[in-house]
Amino acid sequence: MHRQAGTVEFPRRRMSETYIEVINMPHSIGLGMIGRSELSDRLLDGILRNNVVSAKHIHIAEKDAVQREHYLGLGVDCTPDVSASMLRSEIMILSGEKQEFSTLLSSVCGTTRGRVLVSTIPGRSIEYVQDRVAKATYVVIVEQKKREDGTEVFHLTYSHRFPNHMKSAVEDSFRSIGEIETEQV
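Residues numbered from 1 in each chain as written. Predicted model: local features only at pLDDT ≥ 70, side-chain atom pairs only at ≥ 80, totals over all residues. Heavy atoms only, no water.

Participant: I'm lost on the overall build of the protein in this one. Help?
Facilitator: Regarding its fold elements, the protein presents 6 helices and 8 strands. Tracing the protein from N to C terminus, the helices and strands come up as β-α-β-α-β-α-β-α-β-α-β-β-α-β. Among the 185 residues that make up the protein, the fraction classed as buried is 44%. Counting only contacts in the protein whose residues sit at least 6 apart along the sequence, the fraction spanning at least 24 positions is 59%. Accessible surface, the protein: about 11,200 Å² in total, of which carbon and sulfur atoms supply 50%. (Helix = DSSP H or I, 4+ residues; strand = E, 2+ residues; numbered from the N terminus. Buried < 20%, exposed > 50% of the residue type's maximum accessible area, 1.4 Å probe, protein only. Contact = heavy atoms within 4.5 Å. Areas by Shrake-Rupley, 256 points an atom, 1.4 Å probe, with all protein chains shown as cover.)

Participant: Is there a simple way to explain the side chain of His59 in this structure?
Facilitator: Its place among the elements puts His59 in strand β2 (residues 58-61). Looking at His59, the relative accessible area reads 8%, which means it is buried. Residue contacts for His59: discarding those within four places in its chain leaves Gly30, Leu31, Gly32, Met33, Asp77, Ser85, Arg88 and Ser89.

Participant: Any chance you could explain the environment of Arg42 here in plain terms?
Facilitator: Assignment of secondary structure puts Arg42 in helix α1 (residues 38-49). It is 9.2 Å that separates the C-alpha atoms of Arg42 and Ser176, two residues lying 134 residues apart in sequence. For Arg42, the residues in contact, after removing those within four places along its chain, are Gln144, Glu152 and Ile177. Here the side chain of Arg42 touches Glu38 through a polar contact of 2.5 Å, side chain to side chain. (Polar contact = N/O pair within 3.5 Å; in protein donor to acceptor, adjacent residues only side chain to side chain.)

Participant: Where do I start with the nonpolar core in this structure?
Facilitator: Among soluble globular proteins, nonpolar side chains are generally buried collectively. In this structure, Ile91, Val118, Val140, Leu156, Val170 and Phe174 are the most contacted members of the largest nonpolar core, which totals 31 residues. Put simply, the parts of the chain that give this core at least two residues each are β1 (31-34), α1, β2, β4 (91-94), β5 (116-119), β6 (138-146), β7 (152-158) and α6 (164-175). Residue contacts for Val170: discarding those within four places in its chain leaves Ile91, Val116, Val118, Val140, Leu156, Tyr158 and Phe162. By size, the runner-up hydrophobic cluster in this structure holds 18 residues, among which are Met86, Leu104, Val108 and Ile121. (Core = buried A, V, L, I, M, F, W, Y, C linked by side-chain atoms within 4.5 Å.)

Participant: How do you make sense of the sheet that holds β4 when you look at a structure like this?
Facilitator: Within a sheet, adjacent strands bond to each other through the backbone by hydrogen bonds, running parallel or antiparallel. Spatially, β3-β2-β1-β4-β5-β6-β7-β8 is the arrangement adopted by the 8 strands of the open sheet, whose pairing is mixed. The open sheet has two free edges, formed respectively by β3 (77-79) and β8 (179-184), since each of these has just one partner strand. The mean inter-strand angle of the sheet, taken between neighbouring strand axes irrespective of direction, is 20°. Looking at chain direction, β5 and β6 are connected through 4 bridges and run parallel. Note that in β6 the partner of Leu117 across the bridge is Val139. (Pairing = 2+ DSSP bridges. Axes fitted to C-alpha atoms, helices over the stretch in contact; angles between N-to-C directions.)

Participant: Just checking my understanding: could you explain the packing of aromatic side chains for this structure?
Facilitator: The description of an aromatic ring pair uses the distance of the two centres, along with the angle that the planes make with each other. Going through the model one piece at a time under the given rule, you end up with 3 aromatic pairs. Taken together, a centroid distance of 4.6 Å and an interplanar angle of 50° make the contact between Tyr158 and Phe162 tilted. Phe162 matches Tyr158 in its accessibility class, with the two residues each being buried. The rings of Tyr138, Tyr158 and Phe162 are connected pair by pair, giving a single aromatic cluster. Directly above the aromatic system of Tyr128 lies the positively charged group of Arg132, at a separation of 3.5 Å from the ring centroid. The lysine or arginine in question, Lys167, covers the ring of Tyr158, its NZ or CZ lying 5.0 Å from the ring centre. (Phe/Tyr/Trp six-rings, centres within 6.5 Å; stacked < 30°, edge-to-face > 60°. Lys NZ or Arg CZ within 6 Å of the ring centre and 35° of its normal.)

Participant: Help me understand the pattern of salt bridges in this model?
Facilitator: Where side chains of opposite charge bring their charged atoms close, a pairing between them can arise. Taken as a whole and assessed by the stated rule, the structure comprises 9 salt bridges. When the shortest N-O distance is used, the salt bridge between Glu38 and Arg42 registers 2.5 Å. Linking Glu38 with Arg42, this pair stays in helix α1, spanning 4 residues, or about one helical turn. For Glu152, the salt bridge identified is with Arg42, shortest N-O distance 2.7 Å. Within this pair, whereas Glu152 is found in strand β7, its partner Arg42 is found in helix α1, the two being separated by 110 residues in sequence. When its relative accessible area of 10% is taken as the criterion, Glu152 is described as buried. Classification of Arg42 as partly exposed rests on a relative accessible area of 25%. (Salt bridge = Lys/Arg side-chain N within 4 Å of Asp/Glu carboxyl O.)

Here's what the structure looks like:
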């Protein structure tokens, strides 16, 4: 074998291949859902599909018996009692139309202290929500938009002093169906 001056040949070694498997560990928190919308249906599907929270830790308040059976079939805890759903959850997601907001909020306002309340209902500010719930309730307002390329983006606005350790569960829930942007008030 002819070598050029100044070069050294090294034997070729086969590099071992490393495979990294990402295992999504579910958040071990109680996640409640009150109200129903197209967004909440997609959100529940994304949370279950991506193992964000295990089904047994999801608590849905649903009065409709047929829909309740559907949720139970998914392994989700479902009850017609809003208070029971709220008391089992550290994070509660409110969904529905703007005109339903007061009705939904009145059903949980006395049980929100120390919990996270996520509102996907458009047109309500953090201040508006905080004025209508128990003190020491952590609030997240979610605004939904689509980019020109069709990507769904969720803008999450966190209330003052929102606990950092709860942000990942909220963000992972919405990341299961789109991209997120965050803001702290």
